[in-house]
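Each chain, letter by letter, is given below.
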Amino acid sequence: MRVLSGIQPTADSFHLGNYLGALRQWVRLQETHETFYCVVDLHAITVEQDPKVLRERTRRSAAQLLAIGVDPAHSALFVQSHVPEHAQLSWVLECQTGFGEAGRMTQFKDKASKQGTDRASVGLFTYPVLQAADILLYQANAVPVGEDQRQHLELSRNLAQRFNNRFGATFTVPEPHIVKDTAKIYDLQDPSAKMSKSASAAGGIVELLEDPKRSAKKIRSAVTDAGREVIYDPEGKPGVANLLTIYSALTERGIAELEAAYEGKGYGDLKKDLGEVLVDWVTPFQERVRSYLDDRAELDKVLAAGAERAREVASRTLAKVYRRVGF
Ligand code: ADP
Ligand code: NA
């Protein structure tokens, strides 16, 4: 069984939502699946980029993935632009995608309306098709992502099925691998919005590479509600529920166990303790990131080996696709 997932190098640091929603699953799935993980730099140029910054962020992204536990002995870890088959398959799939179908993608509509439709690039529009190419190239059975990617995954499935129906069995139809408990981590300052680097207007985002003291402070000043009982109630107490979700995920303690532990205590205790849990997790993580970044040659070697392994599979799929369409 194969797994593929990717993450954009569009920020200096991943955030806690990326980690708990998706990246943690990347690490777990290595044990049971053949895993392909990429830093999707082609996706990153759908919005304006500074070349020097992008190059640096791509390296930082790879270093963070290694530090989280992506193991090159078990996974092909690579940079998307190093494997030209992604762009090549994307073109073929674009020709199978309806204009209206692509226009219904809610992430495109959100991002395009923020930029203004005239300024938004065609690349931003076809982004989900490139994402389908990322997945289908590896014949992935499962794609670990957060809830916000469900619609894009559905497009990948539709494109795989459409192509198979039209040209004969070619692609595995992928399933989203979305872990319900942590599928959506919310902004600490606005627990109705997802924690996001792109839509972080409220600022309640925990960046994995920021000063851990700053993260702890953000947790301590997270928006909760006027009550004081620590109970998991996403409807009535979304802020507290979000903190409990994060706490439970980082410690592997169940929600019920945490509720019991905080009986008779208040939100302040919960936040203080969670801040400490976070600092204890993030401090050694940051040390590992630094050591991966310090050894540039080794990081390049890992990524080159990953790309080579990825190309073995990707080139086979592309050759088949080219034959099928009449090239
Ligand atoms: P962002 O939304 O911050 O721009 P990306 O689009 O790069 O982040 O997302 C990378 C991965 O992290 C995707 O699998 C996405 O579903 C997941 N993800 C992003 N934000 C969250 C969140 N708040 N909660 C859970 N998963 C998330
Ligand atoms: Na996202």
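An unreviewed UniProt entry annotates the protein chain as Tryptophan--tRNA ligase of Amycolatopsis antarctica. Looking at the protein chain in UniProt, the text filed under Function (unreviewed entry) is "Catalyzes the attachment of tryptophan to tRNA(Trp)." Looking at the protein chain in UniProt, the text filed under Sequence similarities (unreviewed entry) is "Belongs to the class-I aminoacyl-tRNA synthetase family."

Trainee: Is there a simple way to explain the site of ligand 1 in this structure?
Mentor: Taken together, 19 residues lie around ligand 1, and His 15, Asp 148, Ile 185, Lys 194 and Met 195 are the ones closest in. At 3.2 Å, a backbone N or O of Gly 17 approaches a nitrogen atom of ligand 1. One of the side-chain nitrogen or oxygen atoms of Lys 197 is found 2.9 Å away from an oxygen atom of ligand 1. Here the residues of the shell around ligand 1 sort into six nonpolar, nine polar and four charged.

Trainee: Before we go on, may I ask you to explain the pattern of salt bridges in this structure?
Mentor: When charged atoms on two side chains of opposite charge get close, those side chains can pair. Scanning all chains against the criterion turns up 18 salt bridges. Between Arg 24 and Glu 252 there is a salt bridge, with its nearest N and O atoms 3.6 Å apart. Separated by 228 residues along the polypeptide, Arg 24 in helix α1 (residues 16-29) and Glu 252 in the loop between α10 (238-251) and α11 (255-261) bring together distant segments of the chain. In this structure Arg 24 comes out as buried when scored by relative accessible area, which is 10%. Using a relative accessible area of 59% as the deciding quantity, one classes Glu 252 as exposed. Among the salt bridges present, the one from Glu 276 reaches Lys 272, with a minimum N-O distance of 3.6 Å. In this pair, Glu 276 and Lys 272 are both assigned in helix α12 (residues 267-294), four residues apart and thus about one turn of the helix distant.

Trainee: How should the environment of Leu 4 be read in this particular structure?
Mentor: Following the sequence through the fold, Leu 4 ends up in strand β1 (residues 2-7). Dropping the residues within four chain positions of it, Leu 4 is found in contact with Phe 36, Cys 38, Asp 134, Ile 135, Tyr 138, Ala 140, Ala 142, Val 143 and Pro 144.

Trainee: I would appreciate a short explanation of the domain arrangement of the protein chain in the present structure.
Mentor: Assigned domains within the protein chain: domain 1 (2-182 + 295-325) and domain 2 (212-290). For domain 1 versus domain 2, the separation of C-alpha centres amounts to 31 Å. Taken together, the contacts link eleven residues of domain 1 with ten residues of domain 2. Approximately 890 Å² of surface area, both sides summed, lies buried where domain 1 meets domain 2, with 72% of it carried by carbon and sulfur atoms.

Trainee: Where do I start with the coordination of the sodium ion (ligand 2) in this structure?
Mentor: Perfect tetrahedral coordination of a metal by four donors corresponds to 109.5 degrees between them, and perfect octahedral coordination by six donors corresponds to 90 or 180 degrees. Summarising the metal site, the sodium ion (ligand 2) is bound by the protein donors Asp 148 (OD) and Lys 194 (NZ), whose distances to it range over 2.7 to 3.2 Å. Of the two residues, Asp 148 is situated in the loop between β4 (142-144) and α8 (150-167) and Lys 194 in the loop between β5 (175-177) and α9 (212-220); the sequence distance between them amounts to 46 residues. Residue classification places Lys 194 among the partly exposed residues on the basis of a relative accessible area of 31%.

Rules of the game
Residues numbered from 1 in each chain as written. Chains lettered and ligands numbered in written order. Predicted model: local features only at pLDDT ≥ 70, side-chain atom pairs only at ≥ 80, totals over all residues. Heavy atoms only, no water. UniProt positions renumbered as here; feature names shortened; annotations may be inferred. Near = heavy atom within 4 Å. Polar contact = N/O pair within 3.5 Å; in protein donor to acceptor, adjacent residues only side chain to side chain. Nonpolar A, V, L, I, M, F, W, Y, C, P; charged D, E, K, R; others polar. Salt bridge = Lys/Arg side-chain N within 4 Å of Asp/Glu carboxyl O. Helix = DSSP H or I, 4+ residues; strand = E, 2+ residues; numbered from the N terminus. Buried < 20%, exposed > 50% of the residue type's maximum accessible area, 1.4 Å probe, protein only. Contact = heavy atoms within 4.5 Å. Domains from an automatic or database assignment. Buried area = accessible area lost by both parts, 1.4 Å probe. Donors = N, O, S within 2.8 Å, 3.2 Å for Na, K, Ca; no water.

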